[in-house]
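Listed below are the residues making up each chain.
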Amino acid sequence: MTRFIPSPVTHVAARRVLAAAVFLAASSTAMAGSPHLIYLPSTEAGVDHAAIVQAFEDQGFEVSTFAYAGESRLAYAHRIADEVRAMMDKGVAPEEINVVGAGTGSKIATLTSALVGNRHVNYALLGECDPAMKANYNFRMSGRVLGIHDANDSTSLSCRSLWGDSPKVSERQELVLNSGHGSALFHEPRKEWLQPVSEWATGGEVSIGETSIGRIDEPAPSPRK
């Protein structure tokens, strides 16, 4: 089981070394037959990454963490998309692959979804849904996409605009919580968001939110700067 707990790094070069090590470790150990969760952590201060990873592992996921390595947002997403494809090449079913982006990592999960273009990979966007991304990158998402944000989170709007006009999004749901934590909701493994993510990752549906859309099988164009 691969696990990497990011810690504050002040130099970009050090970030790249750490991220490369994680990428190689995760790629070498991904095996078919168990649910895989790629965790894209927020770069915000005060996030208990160790507790979040442990909570996912307690749910039965094999967790790989891919931290920001100082590259551009799109390059970061390409790195994660390459890992998703490598897992599928090794025989991991796309339904068993889950990409969870929290805070700043949510934007990377969004772009990864567009780059992978597979209707069955699961994605969870935890906060920081920014409709301006559609204009900046001109993408169409893919897969099963769950968006969650807190009603008091000033950094996130609705995630629905991100998956709009995306025929390769097979299912999508949005969950707006009233926890009172705002953007700090995802700083700890709280049940309010952890349980819906776990249910979504195992093919279930959360109790409220968006319903599935049509299943038109059309190619999703790659995002561009």
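Residues numbered from 1 in each chain as written. Predicted model: local features only at pLDDT ≥ 70, side-chain atom pairs only at ≥ 80, totals over all residues. Heavy atoms only, no water.

Quick notes on the pattern of salt bridges
Here comes step 1: Summed over all chains, the structure comprises seven salt bridges.
Here comes step 2: The closest approach of N and O atoms between Glu-71 and Arg-79, which form a salt bridge, is 2.8 Å. Accessibility classification places Glu-71 together with Arg-79 in one group, the buried group.
Here comes step 3: When the shortest N-O distance is used, the salt bridge between Arg-140 and Asp-165 registers 3.7 Å. Highlighted residues: Arg-140 in the loop between helix 5 (132–137) and strand 5 (143–150) and Asp-165 in the loop between helix 6 (160–163) and strand 6 (169–177), separated in sequence by 25 residues.
Here comes step 4: Its relative accessible area of 59% is what places Asp-165 among the exposed residues. (Salt bridge = Lys/Arg side-chain N within 4 Å of Asp/Glu carboxyl O. Buried < 20%, exposed > 50% of the residue type's maximum accessible area, 1.4 Å probe, protein only. Helix = DSSP H or I, 4+ residues; strand = E, 2+ residues; numbered from the N terminus.)

Section: the confidence of the model for the chain
Here comes step 1: Per-residue confidence for the chain gives a mean pLDDT of 81; residues scoring 70 or more make up 76%.
Here comes step 2: Segment residues 5–29: pLDDT under 50, and 37 contacts once partners within four positions in sequence are set aside and those in other chains are kept.
Here comes step 3: Every residue in residues 208–225 scores below 50 in pLDDT, and together they form 52 contacts with partners more than four places removed in sequence or on other chains. (pLDDT = per-residue confidence, 0-100. Contact = heavy atoms within 4.5 Å.)

Here's the deal with unusual backbone geometry
Here comes step 1: Even without being a glycine, Glu-128 presents a positive backbone phi close to 55°.
Here comes step 2: Residue position: Glu-128 is located in the loop between strand 4 (122–126) and helix 5.

Details of the environment of Gly-143
Here comes step 1: Structurally, the position occupied by Gly-143 is in strand 5.
Here comes step 2: When the C-alpha atoms of Gly-143 and Gly-117 are compared, they prove to be 7.2 Å apart, with 26 residues separating the residues in sequence.
Here comes step 3: Beyond its immediate stretch of four places on either side in the chain, Gly-143 contacts Asn-118, Arg-119, His-120, Val-121, Tyr-123, Lys-168, Val-169, Ser-170 and Glu-171.

Section: the pairing of strand 3 (residues 97–102)
Here comes step 1: Within strand 3, six of the six residues are buried, leaving the element largely enclosed by the surrounding structure.
Here comes step 2: The side-chain alternation of strand 3 yields two buried faces, one formed by Ile-97, Val-99 and Gly-101 and the other by Asn-98, Val-100 and Ala-102.
Here comes step 3: One ladder, built from five bridges, connects strand 1 (residues 36–40) with strand 3; its direction is parallel. In the strand pairing of strand 3, Tyr-39 is matched with Val-100.
Here comes step 4: For strand 3 and strand 4, the ladder comprises five bridges, and the chain directions are parallel. Of the residues in strand 4, the one forming a bridge with Val-100 is Ala-124.
Here comes step 5: The β-α-β motif built from strand 3, the intervening helix 4 (residues 104–116) and the parallel element strand 4 has right-handed crossover chirality. (Pairing = 2+ DSSP bridges. Right-handed = clockwise from strand over helix to strand, strands pointing away.)

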